Amino acid sequence: MSMDKIKRLNIQGLILNNRDLWDPVTISKEEVQEGIELGTFQESESKRLGLRDNSFCGTIEDSLANSICAKQSEHAVVRWGGGTARVIGINQFHDDPDVISPGGGANVRYTADPGYGLMLTKRDQNLVPMILVTGKCPTFMIMGWIIPAFAVQALYKTHSGRCEDCQSEYGFLQQMKDRERCHINMQCLLPPWSFNKEL
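Thresholds, definitions, all that
Within each chain, residues carry numbers counting from 1 in the order of the written sequence. Owing to the predicted nature of the model, reporting of local features is limited to residues with pLDDT of at least 70; listing and counting of side-chain atom pairs is limited to 80 or more, with chain, interface and lining totals taken over all residues. To get the side-chain values, take all heavy atoms of the structure and skip hydrogens and water. Helix numbering and strand numbering both begin at the N terminus, where a helix is a DSSP run of H or I of at least 4 residues and a strand a DSSP run of E of at least 2. Think of it in three bands: residues with accessible area under 20% of the maximum for their type are buried, residues over 50% are exposed, and the middle band is partly exposed, with areas taken using a 1.4 Å probe on protein chains only. Contact between two residues is taken to exist if any of their heavy atoms lie within 4.5 Å; hydrogens are not considered. Only the protein chains shown count as cover for residues, with accessible areas throughout obtained via the Shrake-Rupley method and a probe of 1.4 Å. Residue count minus one, scaled by 1.5 Å, sets the expected span of a helix. Working definition: the arc comes from the directions between the helix axis and the C-beta atoms, pointing outward to the latter. Two N or O atoms count as a polar contact when they lie within 3.5 Å, although within protein this holds only if one can serve as hydrogen donor and the other as acceptor, and sequence-adjacent residues are included solely when both atoms are side-chain atoms. To form a nonpolar core, buried Ala, Val, Leu, Ile, Met, Phe, Trp, Tyr and Cys residues must be joined to one another through side-chain atoms within 4.5 Å.

Novice: Is there a simple way to explain the overall build of the chain in this structure?
Specialist: What the chain contains, in helices and strands, is four helices and eight strands. For the chain, the sequential pattern of α-helices and β-strands runs α-β-α-α-β-β-β-β-β-β-α-β. When the 199 residues of the chain are sorted by exposure, 43% land in the buried category. Here the analysis covers contacts within the chain between residues at least 6 apart in sequence; of these, 63% occur between residues at least 24 apart. Within the structure as shown, the chain displays about 11,800 Å² of accessible surface, and the carbon and sulfur contribution to it stands at 54%.

Novice: How should I be thinking about helix 2 (residues 29-49) in this particular structure?
Specialist: Structurally, the α-helix is built with 3.6 residues per turn, so residues lying three or four positions apart point the same way. For helix 2, with 21 residues, the first-to-last C-alpha span of 30 Å sits near the 30 Å given by 1.5 Å per residue. Among the residues of helix 2, Glu31, Val32, Gly35, Leu38, Gly39, Gln42, Glu43, Glu45 and Ser46 are the ones counted as buried. One face of helix 2 carries all of its buried residues, which in axial projection span an arc of 165°. Turned more than 90 degrees away from the buried face of helix 2, the exposed residues are Lys29, Glu30, Lys47 and Arg48. Directly beyond the C-terminal end of helix 2, a positive phi value near 70° is found at Gly50.

Novice: Explanation requested: the environment of Gln125 in the structure shown.
Specialist: Of note, Gln125 is situated in the loop between strand 5 (118-121) and strand 6 (130-136). Overall, the relative accessible area of 18% leaves Gln125 in the buried class. Separated by 19 residues in the primary sequence, Gln125 and Ala106 place their C-alpha atoms 9.6 Å from one another. At 2.7 Å, the side chain of Gln125 forms a polar contact with the side chain of Asn107.

Novice: Can you walk me through unusual backbone geometry in this structure?
Specialist: Leaving glycine out, the prevailing phi sign among residues is negative, and the prevailing peptide bond configuration is trans. The omega torsion of the bond from Cys137 to Pro138 falls at 10°, within 30 degrees of zero and hence cis. With respect to the helices and strands, the residue Pro138 is situated in the loop between strand 6 and strand 7 (139-146).

Novice: Please clarify how the side chain of Glu43 should be interpreted in this entry.
Specialist: With respect to the helices and strands, the residue Glu43 is situated in helix 2. Within the structure, Glu43 has its side chain in polar contact with the side chain of Ser67 (distance 2.5 Å).

Novice: I'm lost on the nonpolar core in this one. Help?
Specialist: Nonpolar side chains in soluble globular proteins tend to be buried together. Counting 18 residues, the largest nonpolar core has Val77, Trp80, Ile131, Val133, Phe140, Ile142 and Phe195 as the members making the most contacts within it. Of all the elements in the fold, those that place two or more residues in this core are helix 3 (60-80), strand 4 (104-110), strand 6 and strand 7. Looking at which element gives the most residues to this core, the answer is helix 3, with five residues. Setting aside residues no more than four positions away along its own chain, Phe140 makes contact with Asp23, Pro24, Val25, Ile27, Cys69, Gln72, Ser73, Ala76, Tyr110, Val133, Thr134 and Gly135. Listed in part, the twelve residues of the second largest apolar core include Leu120, Met130, Met143 and Ile184.

Structure, rendered in structure tokens:
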């Protein structure tokens, strides 16, 4: 894209989401332990129920470690949000938001790779905010958030629905697994400061 075309957009004061905008959160020893227990239980329940639609793939050990980090990151979102929310129990996932409060709730997606961005799946709730978190226990980083239905519509409109015309084999709608919906670049997420922490 030429600079003339970029100038035509008349973008002023544009701030792409980046590390400087992320919020660090350190969880307590009790939250660390609860994350271990919930993540381990979730893995065993998923195995017992034959669920194979989780977003993370890898070895059994890698999957367990990711589930534990995901549950701990939910505690980080609760702490970041002021403590009025709570982490839901096992077997409530995809029925209720990951973190719920009297005012609503939010889903939480954990990524070990902060450059990867947010993968939306077909089972994600369209109108429930999705918060992306990275980091290593006990300190996590709240990276940003989106509302899945709006993000998907924006991507579709930007791309004009021509997923087959995309020249790259990676990105937007390329190389999606059956359970995946689309990939949101980390820089497209709304920054943490713009999220209503009342949930």
